[in-house]
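# An overview of the molecular structure
Chain by chain, the residues:
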Amino acid sequence: MKFKSLIILAGLILAISATAFGQEKGMEGMEGGKKPTEADKTAVIPTDGWLKRGDAIGSSKKVSLSKALAKPEKFAGKKVIIEGVVVRSCKMEGCWAEVAEKQGEKSVRVKMKGHAFFIPLQSAGATARVEGEFQVKTLSKAEVDHMIEEDGAKFDNRNADGSVTEISFEATGIELKRS
């Protein structure tokens, strides 16, 4: 009887510890996510397979990036897969990329959800498969100015007050490959 009580107590302690650990990890994401490692920043994108970051790409509907950008409200908040080429990417942490169907075409800013995963800093030119959701939101003048100063972001249509209505893509998973 004492042995059963001891096992139950040990199980309870283990369950409480796991719950506390899970809450701590969840809070990390709420406070801006984790920080990239050197391995995250410098990983080599393979030519014979895919470098996978975040959640595995699932079976969401694949949509044409050009069609989605033409009618973003149709896809906002729906989990989809887009494919294209990385036009440019974050040079500090690998926390975002711009993806277009082909070089020279209209692109979308892809942000890694919750800052939970990162892509190599030298991802430009890689083929990308990305799963996540389109978002349409207004960025303040301060946010726009920061993005322009930080990484040379370009915005086609600034509003009179300096803000921008941005179509972005929040990625839950991304796969990269060199051609």
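Structure shown above.
Residues numbered from 1 in each chain as written. Predicted model: local features only at pLDDT ≥ 70, side-chain atom pairs only at ≥ 80, totals over all residues. Heavy atoms only, no water.

In this section: the overall build of the protein chain. Counting secondary structure elements, the protein chain contains 5 helices and 7 strands. Start at the N end of the protein chain and walk to the C end: the helices and strands fall as α-α-β-β-α-α-β-β-β-β-α-β. For the protein chain, with 179 residues in total, the buried portion stands at 35%. Taking all contacts inside the protein chain whose residues are at least 6 apart in sequence as the whole, residues at least 24 apart take part in 70%. Counting every atom, the protein chain has about 10800 Å² of accessible surface; 57% of that belongs to carbon and sulfur. (Helix = DSSP H or I, 4+ residues; strand = E, 2+ residues; numbered from the N terminus. Buried < 20%, exposed > 50% of the residue type's maximum accessible area, 1.4 Å probe, protein only. Contact = heavy atoms within 4.5 Å. Areas by Shrake-Rupley, 256 points an atom, 1.4 Å probe, with all protein chains shown as cover.)

Moving on, we get to the pattern of salt bridges. Tallying each qualifying case throughout the model produces 11 salt bridges. A salt bridge links E93 to K35, with the nearest nitrogen and oxygen atoms 3.9 Å apart. Of this pair, E93 sits in the loop between β3 (79–89) and β4 (96–100) while K35 is found in the loop between α1 (2–30) and α2 (38–42), placing the two residues 58 residues apart along the sequence. Residues participating in the shared-partner salt-bridge network are R88, E98, R109, K111 and E166. (Salt bridge = Lys/Arg side-chain N within 4 Å of Asp/Glu carboxyl O.)

The next point concerns the side chain of D40. Among the secondary structure elements, D40 is positioned in helix α2. Among residues more than four places away in sequence, those in contact with D40 are R53, F118, I119 and P120.

Turning our attention to the environment of G33. Among the secondary structure elements, G33 is positioned in the loop between α1 and α2. For the pair G33 and F117, spaced 84 residues apart in sequence, the C-alpha separation works out to 8.4 Å.

Our next topic: the environment of E131. Following the sequence through the fold, E131 ends up in strand β6 (residues 127–139). Put simply, E131 and G173 are 42 residues apart on the chain and 5.4 Å apart in space, counted from C-alpha to C-alpha. A distance of 2.7 Å separates the side chain of E131 from the backbone nitrogen of G58, its partner in a polar contact. Here S60 takes part through its side chain, which lies 2.4 Å from a polar atom of the side chain of E131. (Polar contact = N/O pair within 3.5 Å; in protein donor to acceptor, adjacent residues only side chain to side chain.)

Among the nonpolar cores identified, the biggest contains 25 residues, and I82, V108, V110, V130, F134, F169 and L176 are the most heavily contacted of them. Broken down by element, this core gets its largest block of residues, 4 residues, from strand β7 (residues 164–177). For I82, the contacting residues outside a window of four places in its chain are V63, L65, V108, V110, A128, R129, V130, F134 and F169. (Core = buried A, V, L, I, M, F, W, Y, C linked by side-chain atoms within 4.5 Å.)

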